[in-house]
Amino acid sequence: MRERAARESRKAAARAPARAAKLSSADGCLEHRRVRPSMNRSQPLLCGVELGGTKCVCLIGTGPEHILAQTAIPTSADAGETLRQIADVLRRWQQMHGAFLALGLASFGPLDLRAGSRAFGQITSPAKPGWAGVDIVGRLGRVHGVPVGFNTDVIGAALAEGRWGGARDLADFAYMTVGTGVGVGLVVAGKPVFGCTHSELGHVRIARRPGDLWPGICRFHGDCVEGLASGPAIAARAGLLAEDIPDDNPIWELAAHAIGQLVHTMVLATAPQRILVGGGVVQARPQILRHVRRLLVESLNGYLDLEELTGGVDRYVVPPGLGARAGPLGALALAADAYAASQASRATVI
Ligand code: ADP
Ligand code: ZN
């Protein structure tokens, strides 16, 4: 039955270029485009949704080189309405492209990821108004009857970097985003860090730069890394949109100080082999990464004799290999992992 579904899915995918051209833009989406028409038929058709603070990106395809369609829906305070729009897109894509075989949901958090928890699949805290207690997996996942991968947006992005991007063949690495928020997907010994919950390194408190007393904007902690270095924090401190702040403003180095302090902690805590730093702020302002590398080396102050920190810091703290696609492809990576796990458990049963 599943084999038949897979065959149908691939056939539909092969027909997709002509159909995808008929995609309508009348669905409230920010963008609705066919990214690549060709399909890799040997791979399962997957669907992913990256739920972000400002927009939710949906995509369908088999991997980074074979995306049939991608679309973004604004994340409104009306979670039910946002999820309804996403569900409509997924339903329409099923009709156009055939059944997808797994779904990945990569969401802003904090999330309940505890297997067996009554709240599994939900956003657990009111970090974004209107979204606390919203059951993402229940609303989007279970309805399609396919394996569902669910994790944080940054863990998804880290897994995508490990699978297709700048962390291939590494077992210990981190993906950090500096955008509307600051988040880190931390992979240790080949697995995302998970204990009583997922890690939330963006909210770590840091040693402040001497003389810098600005209180930060995190609703929970004030001057945690997110409260100091996220796009909204930088904008609040400057009194300007982050986009409008000149490149030579000292504020970029202050943001880099907070990020550098977090990287210092990460190096000492789980010793990643590489740290990939993306997100809208760092992508637009590459000088931040240059400051972060220098400030990291200064902060560690010769304590570790590692090539990563001496000669190779430019290759150690780097932009994501997948660039701005790391987040959306993270949702697809979660789908790919869910599909692989379902196939493996099937093989075990047989
Ligand atoms: P999200 O975190 O919601 O996924 P992004 O990673 O795209 O979104 O980051 C959005 C943040 O990036 C916003 O706070 C925005 O102000 C900031 N940003 C966008 N463009 C620039 C720019 N040119 N310079 C500095 N910050 C920018
Ligand atoms: Zn915080």
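Residues numbered from 1 in each chain as written. Chains lettered and ligands numbered in written order. Predicted model: local features only at pLDDT ≥ 70, side-chain atom pairs only at ≥ 80, totals over all residues.

Chemist: Requested: an account of the packing of helix α7 (residues 251–270) against helix α9 (residues 287–300), with residues and values cited.
Modeler: The description of two helices packed together rests on the angle between their axes and the distance between the axes. Their axes nearest at 8 Å, the elements α7 and α9 cross at an angle of 50°. Between α7 and α9, the angle is such that the two are oblique. Of the two elements, α7 crosses α9, and the hand of that crossing is right-handed. Mapping the contact onto sequence places Trp252, Glu253, Ala255, Ala256, His257, Ile259, Gly260, Gln261, Val263, His264 and Val267 in α7 and Gln287, Ile288, His291, Val292, Leu295, Leu296, Ser299 and Leu300 in α9. Residue composition of the contact of α7 with α9, grouped by class: eleven nonpolar, seven polar and one charged. (Axes fitted to C-alpha atoms, helices over the stretch in contact; angles between N-to-C directions. Helix = DSSP H or I, 4+ residues; strand = E, 2+ residues; numbered from the N terminus. Parallel < 35°, antiparallel > 145°, perpendicular 65-115°, else oblique. Left-handed = near helix turned anticlockwise from the far one by under 90°. Contact = placed C-beta atoms within 7 Å. Nonpolar A, V, L, I, M, F, W, Y, C, P; charged D, E, K, R; others polar.)

Chemist: Mind laying out the confidence of the model for the protein chain, listing which residues take part and the relevant values?
Modeler: Of all residues in the protein chain, 87% attain a pLDDT of 70 or more, and the chain-wide mean is 88. Low pLDDT, under 50, characterises residues 1–6; the stretch is placed with four contacts to residues that sit more than four places away or in other chains. (pLDDT = per-residue confidence, 0-100.)

Chemist: Go over the site of ligand 1 with me, naming the residues and quoting the values.
Modeler: What surrounds ligand 1 is a group of 16 residues, the closest being Gly179, Gly231, Ala242, Gly280 and Ala284. Where the shell around ligand 1 is concerned, the elements lending two or more residues are α6 (231–238) and α8 (280–284). When residues of the shell around ligand 1 are assigned to their parent elements, the largest contribution, three residues, is made by α8. For the shell around ligand 1, a count of residues per class yields four nonpolar, ten polar and two charged. For the shell around ligand 1, the two domains that each supply at least three residues are domain 1 (2–153) and domain 2 (167–319). (Near = placed C-beta within 6 Å. Domains from an automatic or database assignment.)

Chemist: So what's going on with helix α2 (residues 79–97)? Residues and values would help.
Modeler: For an α-helix, 3.6 residues make a turn, and residues three or four places apart therefore share a direction. With 19 residues, α2 extends 27 Å from end C-alpha to end C-alpha; this agrees with the ideal 27 Å at 1.5 Å per step. Considered for burial, the residues of α2 that qualify are Ala79, Thr82, Leu83, Ile86, Val89, Trp93 and His97. What you see down the axis of α2 is that its buried residues fit within an arc of 115°, all on one side. The exposed residues of α2 that point more than 90 degrees off its buried face are Gly80, Arg91 and Gln95. (Expected span 1.5 Å × (residues − 1). Buried ≥ 20, exposed ≤ 12 C-beta atoms within 10 Å, placed from the backbone. Arc of directions from axis to C-beta.)

Chemist: Would you mind going over the nonpolar core in detail, with residue names and values included?
Modeler: Counting residues in each nonpolar core, the largest one holds 96 residues, and the members touching the most others are Leu46, Leu105, Ala174, Ala229, Ala255, Ile259 and Ala335. In terms of domain composition, this core takes at least three residues from each of domain 1 (2–153) and domain 2 (167–319). Apart from residues no more than four positions distant in its own chain, Ala229 is found in contact with Val178, Val182, Ile234, Ala255, Ala258 and Ile259. (Core = buried A, V, L, I, M, F, W, Y, C linked by C-beta atoms within 7 Å.)

Chemist: Run through the pairing of strand β5 (residues 102–107), naming residues and quoting values.
Modeler: Counting buried positions along β5 yields six of six residues, so the element is predominantly enclosed. In β5, alternate side chains face the same way, and those of Ala102, Gly104 and Ala106 on one face and Leu103, Leu105 and Ser107 on the other are all buried. In this structure, β5 lies alongside strand β6 (residues 148–152), joined through five bridges in parallel fashion. Paired with Gly104 across the bridge in β6 is Gly149. Taken together, β5, helix α3 (residues 136–141) and β6 form a β-α-β motif whose crossover is right-handed. (Pairing = 2+ DSSP bridges. Right-handed = clockwise from strand over helix to strand, strands pointing away.)

Chemist: Describe unusual backbone geometry, naming the residues involved and giving the relevant values.
Modeler: Here the bond from Gly109 into Pro110 is cis, since omega is 0°, no more than 30 degrees from zero. Note on placement: Pro110 falls in the loop between β5 and α3. For Ala189, which is not glycine, the phi torsion reads 50° and is therefore positive. By secondary structure assignment, the location of Ala189 is in the loop between β8 (182–188) and β9 (191–192). With phi around 55°, Asn301 is a residue other than glycine that occupies positive phi space. Inspection of the secondary structure assignment puts Asn301 in the loop between α9 and α10 (313–316).

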